[in-house]
Amino acid sequence: MVKRSSTFAVPEKVGHASDAAGSAATSTASATAGSVAAAATVTATTSGAATSGAATSGAATLSSPAVTVRDIDYSYTKKPFIEGLSLDFARGKITSIVGPNGCGKSTLLKIIDGLIEPYTGEVVINGKPSLEMTGKERARHLALLAQGARPPAMSVEALVACGRYPYQNRMRSHLDAEDKLQVEEAMALAGIEHFRHHDVRRLSGGERQRAFIAMTLAQNTGIIALDEPTTYLDVRACHDIMQLVSELNREAGKTIVMVIHDLDLALRYSDHMMVMEKGKCICADSVDAVFASGAIEQAFQVEVCRFPSDKRTAYTHFPL
Amino acid sequence: MEPRRPKHTKAIAVAATVTFLVIVTVAAFFIGSSTVGFPEFMALITGNPISDSAKSILLNVRLPRVLAALMAGAALAMAGALIQAVLDNPLACPNIIGINAGAGFAVLLTSSLLPGMFAIQPIAAFIGALITAIVIFFISLGMGVSRLTVVLAGIALSSIFGAGMNTILIVNPDAYVGASRFLVGGLSGVLMSNLTWPSPYIIGGLAAAVFVANKLNIMSLGDATAHSLGMNVGRWRMSLLGLAALLAGAAVSFAGLLGFVGLIVPHLIRFLVGHDNRIVLPLSATFGAAFVVFCDLLARVMFAPYEIPVGILMAFIGGPFFIYLIIRNRRYGGDG
């Protein structure tokens, strides 16, 4: 059996299907192609995209990792769950965390966001240990879109304005001019201005996710973490969200860290990948290197196949 | 629950609520079981001479009663709005987290141990409510403060206090006589001195609640998102529950166990102006005040010269409304 066949012939039908996915995808495909060309290792990368990434996050230098996880131990029960996990997340890149259910992906994201505290080890965000930051300070460096965030009973605009909470304090809980500007920019970036007055609960899944992403954008952080941003979305909406994510990365210079279940989306839209299995990181590298390493096959027990089209590439998998 | 709620709807709701409050408050001054009415009221305001008895009725009977109704209504409605938002449970109210049961138990206990000392009953109620809130605070603290934990702890405490109350009533049936007015909830015979202690707590509590209303909007995004925005969710949840307990306890101490204000008023307000707590909280307090004054007025004049306790009247209005909420909730999939 042929594993990881990057030389797979593209069946004509598949090629047509991916072309039909929409012309907007072209730009994203070229970005993926770009990262394929530039990709080398996780840590050593200061390509053009990273320049704008550093601009939004003051203190840290260009080449320093956006988020560093160091010697993390954590467990829900007496049995160790995450043990001695260490990793750097490259600045200005899209890094996907993949792994089977219960491997600790979401737990890792919660640890990074400070929702749960590791027993040992530390999380360093933009050069500063997260435990030394106040909640609001952390929220000005890293924005997390929680998994399946429940739609609140408020307008889209009001939801996006909630993203300014980390900049408010006891004396000032209303929006000032800067807040309003950031909210407008966030809505423009996410492309949701035209339904700003709609009730979030009445939006479609894709629109809702866009609104939540706009809220994290209003936090004006250099780093955005996404916990399964495409869950429950249809195919088109999945690509819409991922295209928005790569736009934010390329044009707004955001460092993206996301947990994602869909291997095709992860391989297509990421610069780097981290494969987790049973609380451990078994491989973390550029997408191509991870793809070539066989770590995905090992973690999921599937065979991953690459389908290159004219300018784009799709991935599918077969159970082993 | 339209996707877009025009701004003027809110303005109308605010204007209507304030107008209602002013009208019922003024009306409550000059309508009552005695014949003292509008002319005497106007005379008192304008400084014209009036009889001593009329003046006494207005200042010593009606004034404390109206003030008590205003404060109890505002405090209980605010407490309800806070608890519903903090626990994210549209059916929550001060009774649910055990505040009323704690206060009731304390009152029965004092009326059993110290019969005849009615003056200390409000203090006992206040202490009972506060102790309940503190106990819930510590139970929840050890368990990660989930929304369900607080409700379950409240239900457990309510049944413990309920059992305690029944025990007292069986062992010492006379205790009921002293405490009946309190247990039913009513405002007849409220004195200015009953309001001295609770009023600073209520006024301060109302101001604090309006001040932190934005926190509740952030909380409504869910724990993980609120945390991600930099909020210490557990600490704020407990602080706001404590604030609600303070308000409810202070109100219960002089008004007795008034049910349902805390439940129905925030619902009605959200139905009118949406879910933004920066509007819901102050408007709930305003409407709650007006609603209790209105119900107390009805309670005084419906069967005049007899008076029914306002707690009974509000239960008659609140009970059917509660059932309507349950039906509506089921039909529209829990859209509180």
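Since this is a predicted model, take the numbers as computed values, not measurements.

Brief notes about the confidence of the model for chain A
Detailed reading of the predicted coordinates is not advisable wherever pLDDT falls low.
Residues and elements named next belong to chain A.
Part 1: Mean pLDDT over chain A stands at 81; residues scoring 70 or higher make up 79%.
Part 2: Taking the mean pLDDT of every element in chain A, the minimum, 37, falls on helix H3 (residues 48–55) and the maximum, 96, on strand E3 (residues 94–98).
Part 3: Between residues 1–60, whose pLDDT stays under 50, and residues either more than four places distant or in other chains, the model counts 95 contacts.

Overview of the nonpolar core
Residue and element names in this part refer to chain B.
Part 1: Residues Ala75 and Met78 are the most contacted members of the largest nonpolar core, which totals 187 residues.
Part 2: A total of 18 residues in this core trace back to one element, the largest contributor, which is helix H3 (residues 52–86).
Part 3: Contact partners of Met78, with chain neighbours within four places excluded, come to Leu206, Ala209, Leu247, Leu281, Ser284, Ala285 and Gly288.

Comments concerning the sheet that holds strand E5 (residues 128–129) of chain A
Residue and element names in this part refer to chain A.
Part 1: An order of E2-E1-E4-E5 is seen for the four strands of this open sheet, with the pairing classed as antiparallel. Of all strands in the sheet, those bounded by a partner on one side alone are strand E2 (82–89) and E5.
Part 2: Docked against the sheet, helix H4 (residues 105–112) engages strand E1 (67–74), E2 and strand E4 (120–125), running at close to 115° with respect to E1.

Some words on helix H7 (residues 177–190) of chain A
Residue and element names in this part refer to chain A.
Part 1: Compared with the 20 Å implied by 1.5 Å per residue over 14 residues, the 20 Å span of H7 between its first and last C-alpha is a close match.
Part 2: Among the residues making up H7, those that are buried are Gln182, Val183, Ala186, Met187 and Ala190. Down the axis of H7, the buried side of the element spans an arc of 130°, and every buried residue falls inside it. Facing away from the buried side of H7 by more than 90 degrees, the exposed set consists of Ala177, Glu178, Lys180, Leu181 and Ala188.
Part 3: Looking at the buried side of H7, the elements it contacts are helix H6 (156–162), helix H8 (205–218) and helix H9 (235–251).
Part 4: The positive-phi residue at the C-terminal boundary of H7 is Gly191, with phi of around 65°.

Concerning the interface of chain B and chain A
Part 1: Each side of the interface is counted separately: chain B has 18 residues, and chain A has 23 residues.
Part 2: Every element with two or more residues in the side of chain B that touches chain A is listed here: helix H10 (213–219) and helix H11 (223–228) of chain B.
Part 3: Here the residues of the side of chain B that touches chain A sort into six nonpolar, ten polar and two charged.

Some points on the packing of H3(B) against helix H12 (residues 233–255) of chain B
Residues and elements named next belong to chain B.
Part 1: Between H3 and H12, whose axes approach to 8 Å, the crossing angle comes to 155°. Between H3 and H12, the crossing angle belongs to the class labelled roughly antiparallel. In this structure, H3 crosses over H12, and the sense of that crossing is left-handed. Of the residues in H12, those touching H3 at Ala68, Met71, Ala72, Ala75, Leu76, Met78, Ala79, Leu82, Ile83 and Val86 are Arg237, Leu240, Leu241, Leu243, Ala244, Leu247, Ala248, Ala250, Ala251, Phe254 and Ala255.
Part 2: Residue classes in the contact of H3 with H12 are distributed as 20 nonpolar, no polar and one charged.

Cut-offs applied
- Residues numbered from 1 in each chain as written.
- Chains lettered and ligands numbered in written order.
- Predicted model: local features only at pLDDT ≥ 70, side-chain atom pairs only at ≥ 80, totals over all residues.
- pLDDT = per-residue confidence, 0-100.
- Helix = DSSP H or I, 4+ residues; strand = E, 2+ residues; numbered from the N terminus.
- Contact = placed C-beta atoms within 7 Å.
- Core = buried A, V, L, I, M, F, W, Y, C linked by C-beta atoms within 7 Å.
- Buried ≥ 20, exposed ≤ 12 C-beta atoms within 10 Å, placed from the backbone.
- Pairing = 2+ DSSP bridges.
- Axes fitted to C-alpha atoms, helices over the stretch in contact; angles between N-to-C directions.
- Expected span 1.5 Å × (residues − 1).
- Arc of directions from axis to C-beta.
- Nonpolar A, V, L, I, M, F, W, Y, C, P; charged D, E, K, R; others polar.
- Parallel < 35°, antiparallel > 145°, perpendicular 65-115°, else oblique.
- Left-handed = near helix turned anticlockwise from the far one by under 90°.

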